[in-house]
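These are the residues of each chain, in order.
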Amino acid sequence: MIAHRLRCRTSVRGYLLLLIFVLSSASGGHCSKMKAQTKPQKSVAAKQQNSMSELDRYFVNVYGSKRWSELREALEKPTEHVAWINPFCDFQEQTASRLLGEEKIFDASVWKLVRYSDKFSFMVQRDDVPSDIKVNMPPPAPIGLRQLHSHYVLDGASPLPAISLRAAPGSRVLDICAAPGGKSLVIAGGLFDVETSGAKSMLTSNDRSQPRRDRLLQVMREYIPAELLKNAASKDSGSYQRKFQGILSVTGVDATLWGRSPATCGCFDRILVDAPCSSERHIVHGSSGSSWTHSRLKRDAKLQGQILQSAIRVLNPNGGRLVYSTCSIAPEENDEVISKIINNSRLAKGLKILDPLVELQHEALGGLLQGVERTKYGAIMLPDKSKYGPLYWCVMEKTISGAAGTAWLESESDSDSENQSGESSEGQEET
């Protein structure tokens, strides 16, 4: 009996020890998993903090501490948008009254129509709207017999490079990095006549990324008449070897490869290079997966230069116009990219830098251009001085007999070339 009790006690004690061991193991495993989950989160947070610290150090050197503090604060605020009014809707002359009145898409007490021409109209926020009132941009809506979307929402500075391109009917135009499609729409609005098929005009909207290209094609179908899109297709990466003869084409060519085929050299009268960039505003906003390093900025600048060289190869040498733009605030991605082209005798042959504001001298655009700053080769909109941006653009023209030059710059006064920080800053670069 005594032996039996001892065996029972031993068994119970063994079970208890086993249970304690199992619970400890489970708890330890759970803690290990928690540590494993916490470690990457801390790593991501540390990486973002390091990224922002490096970004701050770089741009203090560019803009000076005072200007950078103001610019950074402005970048953190929400983007202020405008609406491009779709000229392909079948009530063009009544667009304003329909959108502000009958259709009631826009509230007339908040929005006003700015008309640059019959083909370029924008809805912008009224100046008398109190700053403490939150204004939401109305979503686009299918209207008219064609059921095309009424307007396209974009940053207020975004239309400026497309307008500067001066793509008139009859031009052959390439938007080499076109997705998501806003600038292509602005170009198409000026290029194609609503009343005709636009057969003499040609627009090629290109983006190498398949998902972005699919989105681009979807945007075109929502805003452009079907008769202009009948030949549009999402072409593969080898399509640069053919002549682009469709009215409107959506292509998937690597932007650095244009002009590798002699058949495409010099075949575009107008080219927009809205180059991929470091997009500091998205980084400051903490967009998922975004980070900033100087090495990445230099890689972006190298790619931008390659794309720009590619575009120059296919630009018509007899008066072809090219507009280079980015949404970066870094001089290395803006004027310095242009500088490398201008200082390359082979690439710069026949290229001239034009006044970036020459096509924008219109009273209707006064509000959009408020706060614009000239740079050595172009112009930039920064949100601490303007309501819109960031956006940089440079306008170039190519002629067979012309020598490379920047004639409009030579007449600029010294006051126009002051640094934009408003203070003397060692290491300040033009922006």
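Up top is the structure these notes are about.
A brief look at the structure comes next. Treat the numbers as computed from the prediction; the structure is a model and nothing was measured.

Along the chain, Asp335 turns up in helix 10 (residues 335–342). There is a polar contact of 3.4 Å between the side chain of Asp335 and the backbone nitrogen of Tyr377.

Attention shifts here to the nonpolar core. Inside soluble globular proteins, nonpolar side chains tend to come together where they are buried. Residues Phe192, Ile224 and Trp393 are the most contacted members of the largest nonpolar core, which totals 64 residues. Leaving out residues up to four positions away in the same chain, Ile224 has contacts with Phe88, Leu148, Leu185, Ala188, Leu229 and Leu248. Counting residues in hydrophobic clusters, the runner-up holds 49 residues, among them Met202, Phe268, Ile342 and Leu351.

Here strand 11 (residues 318–326) lies mainly inside the structure; seven of its nine residues are buried. Sheet analysis places strand 10 (residues 270–274) next to strand 11, joined by five bridges and oriented parallel. Looking at strand 11, one finds that Arg270 is bridged to Arg321.

Tracing the backbone through its elements, the reader meets Ser328 in the loop between strand 11 and helix 10. Overall, Ser328 belongs to the buried group, its relative accessible area being 0%.

On to the packing of aromatic side chains. This model, assessed by the stated rule, comprises 11 aromatic pairs. When the centroid spacing of 5.2 Å and the interplanar angle of 45° are considered together, the rings of Tyr58 and Trp292 count as tilted. With Tyr58 in helix 1 (residues 2–63) and Trp292 in the loop between helix 8 (280–284) and helix 9 (294–313), this pair connects stretches of sequence that are 234 residues apart. With relative accessibility at 11%, the residue Tyr58 sits in the buried group. With relative accessibility at 2%, the residue Trp292 sits in the buried group.

Let us now look at the pattern of salt bridges. In this structure the tally under the stated criterion is 17 salt bridges. The closest approach of N and O atoms between Glu373 and Arg67, which form a salt bridge, is 2.9 Å. Separated by 306 residues along the polypeptide, Glu373 in strand 13 (residues 373–374) and Arg67 in helix 2 (residues 65–76) bring together distant segments of the chain. A single burial state applies to Glu373 and to Arg67, both of which are buried. As a salt-bridge pair, Lys183 and Asp274 come within 3.2 Å of each other at their nearest N and O atoms. With a gap of 91 residues between them, Lys183 in helix 5 (residues 182–191) and Asp274 in strand 10 connect regions that are remote in the sequence. Accessibility assignment for this pair places Lys183 and Asp274 in one class, buried.

Turning our eyes to something else, we now look at the environment of Val358. Here Val358 lies in the loop between strand 12 (351–354) and strand 13. A residue is classified by how much of its surface remains accessible, and Val358, at 45% relative accessible area, is partly exposed. For the pair Val358 and Val395, spaced 37 residues apart in sequence, the C-alpha separation works out to 9.4 Å.

What counts, and at which threshold
Per chain, residues are indexed from 1 in the order of the written sequence. Side-chain atom pairs in this predicted model are given and counted only at pLDDT of 80 or more, local residue features only at pLDDT of at least 70, and totals for whole chains, interfaces and linings cover all residues. Note that water and hydrogens are dropped before the side-chain values are worked out from all heavy atoms of the structure. Secondary structure counts use DSSP, requiring at least four H or I residues in a row for a helix and at least two E residues in a row for a strand, with both numbered from the N terminus. The definition of a polar contact used here is a pair of N or O atoms within 3.5 Å, where within protein one atom must be able to donate a hydrogen and the other to accept one, and adjacent residues in sequence count solely through side-chain atom pairs. The term nonpolar core refers to a set of buried residues drawn from Ala, Val, Leu, Ile, Met, Phe, Trp, Tyr and Cys, joined through side-chain atoms within 4.5 Å. Exposure categories follow from relative accessible area, calculated using a 1.4 Å probe and restricted to protein chains: below 20% of the type maximum is buried, above 50% is exposed, and the middle band is partly exposed. By definition, residues are in contact when any of their heavy atoms lie within 4.5 Å. Two strands are counted as paired when DSSP detects at least two bridges linking them. Aromatic contacts are taken between Phe, Tyr and Trp rings whose centres are within 6.5 Å, Trp giving its six-membered ring; a plane angle under 30 degrees counts as stacked, one over 60 as edge-to-face, and the others as tilted. Each reported salt bridge corresponds to a side-chain nitrogen of Lys or Arg within 4 Å of a carboxyl oxygen of Asp or Glu.

By themselves these figures say nothing about function.
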